[in-house]
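Commentary on secondary and tertiary structure
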Amino acid sequence: MNLENDYGSLNLFIFPLAGTQILSMSKIKTLSPDVVAKIAAGEVVERPASVVKELLENALDAGSASAKVEVQGAGRKLIRVTDDGEGMTGEEAIQALQRHTTSKIESLEDLFSLRTFGFRGEALASIAAVSRLKITTRKEGKLSGTEVRVEGGTLSDTTEMGCPLGTSVEVRDLFFNVPARLKFLKSQGTELGHISEILAKTALANPQARFQLFHEGKLLANYPLRQDPSARLVEALGEEVDGKIFPFRLQQGELRAEGFAGEPGLNRPNSRGIYLFVNRRPVRDRLLTHATLEGYRNVIPKDRYPVAVLLVEVPPPDVDVNVHPGKWEVKFANSETVHRLVIQAVRGMLEETPWLKIKGIPQFEEIRERPTAYLPQGKPISLPLSWPASLRVESKGESQETGRGPVSGITFLGQVQETYLVFASPEGLLLLDQHAAHERVLLEKLSNDLFHGGIPKQPLLLPEVIELPSNESRILEEHLGDLARMGFDLERGGIRSFWVKSVPQILADRDPLETLRETIKEIYSWGKEGQLQNSYDSLLKMMACHAAIQAHRPMEKEEARALWEDLQNCRFPSHCPHGRPTQLRLSPFELEKMFGRR
Ligand code: ADP
Ligand code: MG
């Protein structure tokens, strides 16, 4: 008999042992039902907010149009959720309190056509195991309702009584019988914060219902029914998002990514402003967080996070929600498609720059004269015909024609502190930070060049030599191909020296070797497992920064106009690669307000 490979035999071998004396002497013991219940409860009920989450989900699954949450002692003393859903009969209420009892699925397959938040049938049992719980409920069509009381998992009382339609679940003295858990609870403020967060998430994903949160009798959060979904955004995310968060929606087959994303300036030091939902279920998901951040790549500052509400709709067969009892995690059958769709959806909103729209973006008339380009050091010079085109960003591809076409009526007024360009337009006053704007233009041009085969090079008539520390020169040897794509052709000269044969065109009049040295340092820091895509990105940003026109540099009218135009043709014109704004706009309305005309 092969015990390792033949499970049938293995079973036959084990079962005769059950019940024999050997088991009772064993170090392995069966846990008591009470301990099992508390361990299982621990997975579902981590803190008061988990109770609120489960009870709200039950209310929504019961078809409620409104749910009221009342708490005392930040949820330790009391949590009561009252809904106007379908209710339960007395018998159902008692059944609902047992572990693994649910009205929402019958078989495992049902998990893949799930339309409800609940399915595990263990929330009420878990909560009841670690609190003093009371359910008051009446089902439609029934004259009287039922009250059921459970204490630490033991049914203590059931009574028939009159009560409103729907269900009210009251949870008192949470963790009264699990003191270890009580110790892990944080301050009242923190626990209340978690509860408010659950309310906000539930309200954001369920605009069809009303929600209220009371603490010690005081109304803490109110989510009435609203026609306009963005009104609920302000209620859930705070006044600061008002007017700064914009809708997006992208569909691919049955897959949909939609929601609201903040303008880049609305950023935070942590990712708590990113709200993720899959089929309206709030989730914590690295893939979706990553995709959202990818959407904002090179538009917001490093180490800052956007504010966004992302709702992903996936056909139920393509998502597994049964990953953890807390139901915070999901697995996608096709995670790459989801990832890509979310990035595109978010970037779509950012490309549109809706927060910059005063009334359509004003642009220059077709520029008839040749614009000049901005060369470092010295005066702007007129350039050969082909040059401005190469300075232009063509990354918008086909959409360029339909994109922001030139519009008349914009005038360059001048420069402030040789750093800011001032324009007048019928739509108001426009200010450009010349360095930030040019950096954005160049970054997009460089990315585009790199994508299409490589950054244009300028051969050096007399190759230059650079000497490197031996550790850097070893790593560099492996990345000569990467450097060539970046515009630097290098050839080994000696043990630690390289011949530089060409440099990127846009740096030709700068100090390209300085940029090269920094580039090599950056490549060295990638190490062996460096993610190439992200790393290129930091190289391009550095190069754009070095090549961009600096602040405190005079600019001619035509240069300024060309820069404005180029910026409008960028995919992400509003912010520089480091996340600083490239432009500020004062609408006539704002001007009038400032001058007291309104
Ligand atoms: P699940 O939600 O996973 O089914 P629960 O333990 O949360 O498990 O609830 C068990 C059952 O109790 C539900 O399937 C539902 O039928 C019933 N139930 C719970 N809460 C409510 C409610 N507020 N209104 C109506 N029925 C409810
Ligand atoms: Mg439930």
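This write-up is about the structure you can find in this document. (Residues numbered from 1 in each chain as written. Chains lettered and ligands numbered in written order. Predicted model: local features only at pLDDT ≥ 70, side-chain atom pairs only at ≥ 80, totals over all residues. Heavy atoms only, no water.)

Details of the packing of helix H4 (residues 48–61) against helix H8 (residues 188–205)
Interaxial distance between H4 and H8 falls to 8 Å at its minimum, and their mutual angle equals 20°. Taken together, the axis directions place H4 and H8 in an arrangement best described as roughly parallel. The two elements H4 and H8 meet at a crossing, and its hand is right-handed. Across the interface between the two elements, Pro48, Ala49, Val52, Lys53, Leu56 and Leu60 from H4 touch Glu191, His194, Ile195, Ile198, Leu199 and Thr202 from H8. Looking at the contact of H4 with H8, its residues break down into eight nonpolar, two polar and two charged. (Axes fitted to C-alpha atoms, helices over the stretch in contact; angles between N-to-C directions. Helix = DSSP H or I, 4+ residues; strand = E, 2+ residues; numbered from the N terminus. Parallel < 35°, antiparallel > 145°, perpendicular 65-115°, else oblique. Left-handed = near helix turned anticlockwise from the far one by under 90°. Contact = heavy atoms within 4.5 Å. Nonpolar A, V, L, I, M, F, W, Y, C, P; charged D, E, K, R; others polar.)

As for the nonpolar core
If you look at the biggest cluster of nonpolar residues, it comprises 63 residues, and the most contacted ones within it are Leu55, Leu56, Leu133, Val171, Phe211 and Leu237. For this core, the leading source of residues is H8, giving eight residues. Aside from chain neighbours lying at most four places away, what touches Val171 is Val51, Leu55, Lys77, Leu78, Ile79, Ile127, Ser131, Arg132 and Leu133. Ranked by size, the runner-up nonpolar core spans 37 residues in total, among them Ile274, Val283, Leu310 and Val321. (Core = buried A, V, L, I, M, F, W, Y, C linked by side-chain atoms within 4.5 Å. Buried < 20%, exposed > 50% of the residue type's maximum accessible area, 1.4 Å probe, protein only.)

Side note on H8
Counted at 1.5 Å a residue, the expected span for H8 with its 18 residues is 26 Å, and the 26 Å between its end C-alpha atoms agrees. Every buried residue of H8 is accounted for by Glu191, Leu192, Ile195, Ile198, Leu199, Ala200, Lys201, Thr202, Ala203, Leu204 and Ala205. (Expected span 1.5 Å × (residues − 1).)

Digging into the sheet that holds strand E24 (residues 489–492)
Taken in spatial order, the three strands line up as E23-E25-E24 in an open sheet, and their pairing is antiparallel. Unpaired on one side and paired on the other, strand E23 (457–467) and E24 mark the two borders of the sheet. Each adjacent strand pair in this sheet contributes to an overall mean axis angle of 20°, direction not counted. Packed onto the sheet, helix H17 (residues 512–526) meets E23, E24 and strand E25 (497–504) and runs at close to 60° relative to E23. (Pairing = 2+ DSSP bridges.)

Some thoughts on a negative patch on the surface
On the surface, Glu464, Asp511, Glu514 and Glu518 cluster together into a negatively charged patch. With respect to the helices and strands, Asp511 occurs in the loop between E25 and H17. (Patch = residues over 30% accessible without salt bridge, like charges linked within 9 Å, V, L, I, M, F, W, Y side chains within 5 Å. Areas by Shrake-Rupley, 256 points an atom, 1.4 Å probe, with all protein chains shown as cover. Salt bridge = Lys/Arg side-chain N within 4 Å of Asp/Glu carboxyl O. Lys, Arg positive; Asp, Glu negative; His and termini not counted. Charge placed at Lys NZ, Arg CZ, Asp CG, Glu CD.)

Structural notes on the sheet that holds strand E26 (residues 583–586)
One open sheet accounts for four strands, arranged E20-E21-E22-E26; its pairing is antiparallel. In this open sheet, the two strands that pair with only one neighbour each are strand E20 (411–416) and E26. Each strand axis lies, on average, 20° off the axis of its neighbour in the sheet, ignoring direction. Both strand E21 (residues 420–425) and strand E22 (residues 428–433) contribute to a ladder of six bridges, which runs antiparallel. Considered in E22, the bridge of Phe423 is made with Leu430. Contacting E20, E21 and E22, helix H14 (residues 434–451) crosses the sheet at an angle of about 70° to E22.

By themselves these figures say nothing about function.
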